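# Structure at a glance
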Amino acid sequence: MPAPEGLRVADVTVRFGSVMAVDGAGLTAHPGTVTGLVGRDGAGKTTLCDVIAGLRRPAAGTVHLDGRDLTGSAARVRARHGIVRAFQRPAARPASPFGAPTVRESVQAAVRRSDPGPARWGRRRGTGRDSARRAEELLARVGIAEYADRCARDAPPAVAVLTQLARALAADPAVLLLDEAWTGLPVRRSRALEVLLRDLAAEGVAVLVACGALEPVMGVCDVLHVLDAGRVIAAGPPAEVRADRRVRDACPA
Ligand SMILES: Nc1ncnc2c1ncn2[C@@H]1O[C@H](COP(=O)(O)OP(=O)(O)OP(=O)(O)O)[C@@H](O)[C@H]1O
């Protein structure tokens, strides 16, 4: 059987009024690799990630996963096929009569919600382990087990980012999208995050990380795509991309 192709995004265009946020951009993210999407503030990274996750409809462009055209699919359908986005911050929710959830409850809720569905039968999860145990594994995996009983809303920024990552991992992603995951992480946490992303890639996940600067992702990515004003101006191995003069002009180190 041929190896799965992973994520293929082509010719995506998104306009906000007169602003061309993404201008014919494309990228690939293969299983077993960590791919970086780098560009300065406003380059179009978040908008392109939104398009990939199905949270924003582009004016043009296509999104394929393993050869399957998901361009017109809703976010929940893409998630069932394995395209999972880790958000930077928890989504704002109305106050619950049961009080704000703890970090553990937040991850448990994601585990319970992540029914693989027929599209993904045969993938790793779905062994019948209970959600509580799975949540504990995920908390330990992202390194926040000691914060499990803290209120998720009041957790330190680094713990909030890692809680969102644990929630995304609960869905057993084939493609994991991380937007600005390094923001606010202390050095110890960023090193651990790098190791975790490499481990996920080694398990066959296609990891796609968006970052506002080159240096934080140089050591962890196999391939970088650099966005400038919505266009991909360079793509390739990190060292090659960093040496490109257009990249030095367009992207903070
Ligand atoms: N909802 C929106 N309405 C209008 N303009 C928007 C909207 N979202 C993004 N933009 C504009 O689109 C362009 C790309 O924004 P985007 O957030 O995708 O860039 P980015 O590379 O993720 O930057 P940042 O790291 O600052 O989020 C910017 O000019 C931004 O101001």
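Here, the structure is the one placed above.
Attention here is on the structure that accompanies the text. (Residues numbered from 1 in each chain as written. Predicted model: local features only at pLDDT ≥ 70, side-chain atom pairs only at ≥ 80, totals over all residues. Heavy atoms only, no water.)

Broken down by element type, the protein carries 9 helices and 10 strands. The buried share of the protein, reckoned over its 253 residues, is 50%. Restricting the contact set of the protein to residue pairs at least 6 apart, pairs at least 24 apart contribute 69%. (Helix = DSSP H or I, 4+ residues; strand = E, 2+ residues; numbered from the N terminus. Buried < 20%, exposed > 50% of the residue type's maximum accessible area, 1.4 Å probe, protein only. Contact = heavy atoms within 4.5 Å.)

What surrounds the ligand is the set Phe16, Val19, Ala21, Arg40, Asp41, Gly42, Ala43, Gly44, Lys45, Thr46, Thr47 and Glu180. Between the ligand and glycine 42 there is a distance of 2.7 Å, counted from an oxygen atom to a backbone nitrogen or oxygen. Contact distances for the ligand include 2.5 Å between an oxygen atom and a side-chain N or O atom of threonine 47. Relative to its unbound accessible surface of 620 Å², the ligand loses 59% to contact with the protein. (Near = heavy atom within 4 Å. Polar contact = N/O pair within 3.5 Å; in protein donor to acceptor, adjacent residues only side chain to side chain. Areas by Shrake-Rupley, 256 points an atom, 1.4 Å probe, with all protein chains shown as cover.)

As a further point, take the environment of leucine 196. In this fold, leucine 196 is placed in helix H6 (residues 187-202). Classification of leucine 196 as buried rests on a relative accessible area of 6%. Expressed as a C-alpha distance, the spacing of leucine 196 and alanine 43, which sit 153 residues apart in the sequence, is 27 Å.

To continue, consider unusual backbone geometry. With phi around 50°, aspartate 66 is a residue other than glycine that occupies positive phi space. As for its position among the elements, aspartate 66 is in the loop between strand S4 (60-65) and strand S5 (68-69). Given the relative accessible area of 43%, aspartate 66 is considered partly exposed. Positioned with a positive phi, glutamate 180 is a non-glycine residue whose angle comes to about 55°. Inspection of the secondary structure puts glutamate 180 in the loop between strand S7 (175-179) and H6.

With that settled, the discussion passes to the nonpolar core. Ranked by internal contacts, the top residues of the largest apolar core, which has 53 residues, are Leu165, Leu176, Leu178, Leu197, Val209 and Val217. Looking at this core, the element that brings in the most residues is helix H5 (residues 157-170), giving 8 residues. Setting aside residues up to four positions removed in sequence, valine 209 forms contacts with Val34, Thr35, Gly36, Leu37, Leu178, Trp182, Leu197, Val217 and Cys221. (Core = buried A, V, L, I, M, F, W, Y, C linked by side-chain atoms within 4.5 Å.)

Within a regular strand, the side chains alternate between the two sheet faces. Of all 5 residues in S7, 5 are buried, a share of seventy percent or more. Alternating positions in S7 separate into two faces, Val175, Leu177 and Asp179 on one and Leu176 and Leu178 on the other, with burial throughout. Crossover S7 to strand S8 (residues 206-211) through H6 is right-handed. (Right-handed = clockwise from strand over helix to strand, strands pointing away.)

Moving on, we come to empty space enclosed by the protein. One pass over the structure, following the stated rule, counts 1 cavity of 30 Å³ or more. Taken as a whole, the largest cavity encloses approximately 60 Å³ of empty space. In terms of lining residues, the largest cavity is bounded by Ala86, Phe87, Gln88, Val161, Gln164, Leu165, Leu178, Asp179 and Ala181. Going through the elements one at a time, H5 and S7 are the ones with two or more residues in the lining of the largest cavity. Sort the elements by how many residues they give to the lining of the largest cavity and H5 lands first, with 3 residues. (1 Å grid on protein atoms, 1.4 Å probe; cavity = no way out; pocket = protein on both sides within 12 Å on 5 of 7 lines; lining within 4 Å. Points joined across faces, edges and corners; volume = space filled by probe spheres on them.)

What follows concerns the sheet that holds S4. Taken together, the 4 strands give an open sheet; going across it, the order is S2-S1-S4-S5, and neighbouring strands pair in antiparallel fashion. For this open sheet the edge positions go to strand S2 (19-29) and S5, each flanked by a neighbour on one side alone. Across 5 bridges, the pairing between strand S1 (residues 7-16) and S4 is antiparallel. What sits directly across from leucine 7, in S4, is leucine 65. (Pairing = 2+ DSSP bridges.)

Another point: the state of the cysteines. Under the defined criterion, the tally for this structure stands at 0 disulfides. You can see cysteine 221 has no disulfide; the closest cysteine sulfur is in cysteine 211, sitting 8.3 Å from it. (Disulfide = S-S within 2.5 Å.)

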